[in-house]
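Here is what each chain is made of, one letter per residue.
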Amino acid sequence: MSRITECFNNLKSQGRKALIPFVTAGDPDPKVTVPLMHALVESGADILELGIPFSDPMADGPVIQLACERALLHGTRLTDVLDMVAEFRQTDQTTPVVLMGYLNPIEVMGYSVFAEKAKAAGLDGVLTVDLPPEEAGVFNQLMKAADIDVIYLLSPTTEVERVKLICAAGSGYVYYVSVKGVTGSASLNVPEVAEKLQMIRQHTDMPVGVGFGIRDDASARAVSEIADGVIVGSVLVNKIAELAGDQDKIPDAVAAITASMRQAMDK
Amino acid sequence: MPTKEDLAIAKQMPDAGGHFGQFGGRYVSETLMAALQQLEQTYEMLWRDPQFQAEFDYDLAHYVGRPSPLYHAERLSRELGGAQIYLKREDLNHTGAHKVNNTIGQALLAKFTGKPRVSAETGAGQHGVATATVAARLGLECTVYMGEEDIRRQALNVYRMRLLGAEVVSVTSGTRTLKDAMNEAMRDWVTNVDNTFYIIGTAAGPHPYPKLVRDFQSIIGREARQQCLAQTGKLPDALVACVGGGSNAIGLFHPFIEDADVRMIGVEAGGYGIETGQHAAPLSSGCAPGVLHGNRTCLMSDDGGQIIGTHSVSAGLDYPGVGPEHSYLQDIGRAEYTAINDDEALHAFRHLTLTEGIMPALESSHAVAEAMKMAPTMDKDQIILVNLSGRGDKDIHTVAEIDGINF
Ligand SMILES: Cc1ncc(COP(=O)(O)O)c(C=O)c1O
């Protein structure tokens, strides 16, 4: 059983939902990322999503675009991101780590080299925003062989037939994008999301995480009532941006946000 | 050398998934998948529909002013002392470039889908102008994304778009040029996918865009082939077109794919020179395949997969990728790709203006420069057919600046 599946199973037996923070690796400095990952886990995060910096993050709003720019200023590359995962794994063998990003850095590294390095680093899952299952045949096989879950996005525009196709191709969990838009844009409409999740659950037993538009304790709690996982990104990245000149404060300050969300979700 | 069978296959590309061999495809975030599938269905249905074809042909004839002439540049040819140069005069189209062929076609698709808003990215502003033009004609709301750097160098076109009622949004992310405008246009589309038809300006992007843009632009090659036969009794020896994303080039090339004796030469922007790294020439500099803006294609990225900043004096060629069909045509050996530097393009701009009284766009000047290099190496009875993709009015400002003149 993959670490991700095990994590969701454990949470389920405790009647809890997964808190899944997203931060961009190397933002604002590569030195910050691993301590930040540990701080997030201590604050109650269950799974970590780590963004691979990319020069052209087409699905992201300004907040994460700027995070990519800050990370790239220090030349954070995919190999560096994998090194961070490996370093994190030295002291944490249980928390699943998922890389999230765009295909080109992986394409340029080569799928099989990536699979090999990712496995060695102790990575659990990968989500490539611009690689739909139709184009992912070879990629999926290699990831599967490396015991890495391939996580897909579902969106408000995804019709039933594609929900089936995507859930059949993915593993670990599916990520429901709660709004039409880029990251950090609108706030989500919980009843609408609930309705869509109901449809999705008819076609998969995989846990469903919901992301985009979760910005405070109240929205985290609301989503935790209808989804298996609550994915939160832009608010954390915003805090990182705020403290970019005072990096030592970042892990505690960001973890304070997730700790508070954790509390709200467990109430 | 591709065989006859290879060429027959090439002519039928892309496959059902939008692949040209290993290139093309549909690499986008999930939110856009449904819209692209819908666009594909609409397009496949309408493109075969005689009524749609008739409407498209009518607009091309009476609104764009087609057919565009094929002009024998006799004085230029005589002076170069070799092959005869013929210019396909896309510069004479309404709005001044080939771009309008495509926006007319996509506007008809937009009209059919009933979406009240269109959006576009633009580099030189020609596609933005062509989009704003069709939007004005159909009464559609129009937003055009343009890099801050390009807004500066193509100020005239920016004002033109605004006069046409379009909103021009300045893009300040990344390198502030065409690629960033395209990022922003895609972000807009993800957000407004329900009410917006995204009019891509070149033969790139996710399937079905490379195919439908090619089909709309192929009027260039179909006309040119007939005109060349009618005027000279034979096919040209070589086709030459500039390549940014590749829409004017593929429009010229595609109807000739199975004419194996006709060479196809795509001219990329060499910028300060390929050896300087400051260029926009993914094919001729030998870039490996990568994925950007929805398709797999030869792409300028570093060894970590980050997209590299490009440079060209011409905003319309200043793009790190290229339409997937060109990557494919290079891969199978059907088309050749080369680069022309800024200086050479500027020289060709001035030279064509002085010898023929035709002022080419800086983009098109790259193709003219390549033809000027080739002609002296060829026989007098050989023919080079150059796609003069646009007129140079929009670039007078840039050239004047280089001459130290400020208006
Ligand atoms: C006159 C002209 N030619 C060529 C191009 C390059 O585009 P493409 O390669 O799609 O023809 C442009 C783009 O702005 C243009 O304005």
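The present account deals with the structure reproduced in this document. (Residues numbered from 1 in each chain as written. Chains lettered and ligands numbered in written order. Predicted model: local features only at pLDDT ≥ 70, side-chain atom pairs only at ≥ 80, totals over all residues. Heavy atoms only, no water.)

## What about the overall build of chain B?
Test applied: Strands are runs of DSSP state E lasting at least 2 residues, helices are runs of H or I lasting at least 4, and numbering of each runs from the N terminus. We take the radius of gyration over the C-alpha atoms and set the globule estimate at 2.2 Å times the residue count to the 0.38 power. Note on classification: 1.4 Å probe, protein chains only; a residue is buried when its accessible area is under 20% of the maximum for its type, exposed when over 50%, partly exposed between these limits. Any two residues having at least one pair of non-hydrogen atoms within 4.5 Å are treated as being in contact. In this description, accessible areas are obtained by the Shrake-Rupley approach with a 1.4 Å probe, and a residue is regarded as covered only by the protein chains that are shown. The charge count treats Lys and Arg as positive and Asp and Glu as negative. His and the chain ends do not count. For the purpose of locating charges, the reference atoms are NZ of Lys, CZ of Arg, CG of Asp and CD of Glu.
Counting its regular elements, chain B contains 16 helices and 15 strands. Rg of the C-alpha trace for chain B: 19 Å, near the compact-globule value of 22 Å for 407 residues, within the 12% margin. Oriented by its inertia axes, the alpha-carbon framework of chain B measures out at about 55 × 55 × 50 Å. Within chain B, buried positions represent 66% of all 407 residues. Counted over contacts in chain B with a minimum sequence separation of 6, partners at least 24 positions apart contribute 74%. Here chain B displays about 13800 Å² of accessible surface, and carbon together with sulfur accounts for 51% of that area. Computing the positive centroid from 34 side-chain charges and the negative centroid from 50, chain B places the two 4 Å apart.

## Quick word on the side chain of Asn 140 of chain A
All names here are of chain A. Condition: Counting of polar contacts relies on pairs of N or O atoms within 3.5 Å, with two restrictions inside protein: one atom must be capable of donating a hydrogen and the other of accepting it, and residues adjacent in sequence are counted only when both atoms are side-chain atoms.
Mapping Asn 140 onto the fold places it in helix α7 (residues 137–145). With a relative accessible area of 15%, Asn 140 lands in the buried category. Engagement of the side chain of Asn 140 in a polar contact is seen with the side chain of Tyr 152, the distance being 3.1 Å. Apart from the residues within four sequence positions on either side, Asn 140 is in contact with Val 150, Tyr 152 and Ala 169.

## Topic: the pairing of strand β9 (residues 238–242) of chain B
Residues and elements named next belong to chain B. Our working rule: When DSSP locates at least two bridges between a pair of strands, those strands are taken to pair. Here is how to tell: hold the view so the strands point away, follow the path from the first strand over the helix to the second, and if it runs clockwise the crossover is right-handed.
Counting buried positions along β9 gives five out of five residues, so the element sits mostly inside the fold. Here β9 runs beside strand β10 (residues 263–273); their pairing, made up of five bridges, is parallel. Following the sheet pairing, Val 240 is matched in β10 by Ile 265. As for the winding sense of the linkage, the β-α-β connection from β9 through helix α12 (residues 247–253) to β10 is right-handed. Pairing geometry for β9 and strand β15 (residues 383–388), over three bridges, is parallel. Following the sheet pairing, Ala 238 is matched in β15 by Ile 384.

## What about the sheet that holds strand β13 (residues 294–298) of chain B?
All names here are of chain B. Taken in spatial order, the four strands of this open sheet run β1-β2-β13-β12, and their pairing is antiparallel. Taken across any chain shown, the strands that pair with only one partner, and hence form the sheet edges, are β1 (19–20) and β12 (289–292). Strand direction decides the pairing type here: β1 and strand β2 (residues 23–27), joined by two bridges, are antiparallel. Note that in β2 the partner of His 19 across the bridge is Gly 24.

## A word on the site of the ligand
Residue and element names in this part refer to chain B. Short version of the rule: In this text, near means that some heavy atom of the residue lies within 4 Å of the molecule or strand in question. Space inside and on the surface of the protein is sampled on a 1 Å grid over the protein atoms alone, with a cavity defined as a set of points where a 1.4 Å probe fits but cannot get out and a pocket as an open set with protein on both sides within 12 Å along at least 5 of 7 lines; lining residues have an atom within 4 Å of a point. A molecule is said to be in a cavity or pocket once over half of its atoms fall within 2 Å of that pocket's grid points. Each residue is assigned to one class: nonpolar for Ala, Val, Leu, Ile, Met, Phe, Trp, Tyr, Cys and Pro, charged for Asp, Glu, Lys and Arg, and polar for all the others, Gly among them. The source of the domain bounds is an automatic or database domain assignment.
Around the ligand, 19 residues are found, and the nearest of them are Thr 202, Gly 244, Gly 246, Ser 247 and Ser 389. At 2.7 Å from an oxygen atom of the ligand is found a main-chain nitrogen or oxygen belonging to Gly 244. When the free accessible area of the ligand is taken as 390 Å², the share hidden by the protein chains comes to 98%. Counting atoms within 2 Å of the grid points, the majority share of the ligand lands in the largest cavity. When the residues that make up the shell around the ligand are grouped by side-chain class, the tally is six nonpolar, 11 polar and two charged. In this structure, the shell around the ligand is formed jointly by two domains, domain 1 (18–60 + 99–213) and domain 2 (65–96 + 218–402), each of which donates at least three residues.

## Thoughts on the nonpolar core
To keep things clear, this is the line we draw: Remark: nonpolar core denotes a set of buried residues (Ala, Val, Leu, Ile, Met, Phe, Trp, Tyr, Cys) joined through side-chain atoms within 4.5 Å.
Among the nonpolar cores identified, the biggest contains 181 residues, and Leu 99 and Phe 114 of chain A are the most heavily contacted of them. When residues in this core are grouped by element, the largest group, eight residues, is from helix α2 (residues 30–47) of chain B. Two domains each put at least three residues into this core: domain 1 (18–60 + 99–213) and domain 2 (65–96 + 218–402) of chain B. Filtering out sequence-adjacent residues up to four positions away, Phe 114 of chain A remains in contact with Leu 78, Leu 82, Leu 99, Ile 106, Met 109, Leu 123, Val 126, Phe 139 and Met 143 of chain A. One finds Ala 238, Ile 358, Met 372 and Ala 375 of chain B within the second-largest nonpolar core, a separate group that totals 30 residues.

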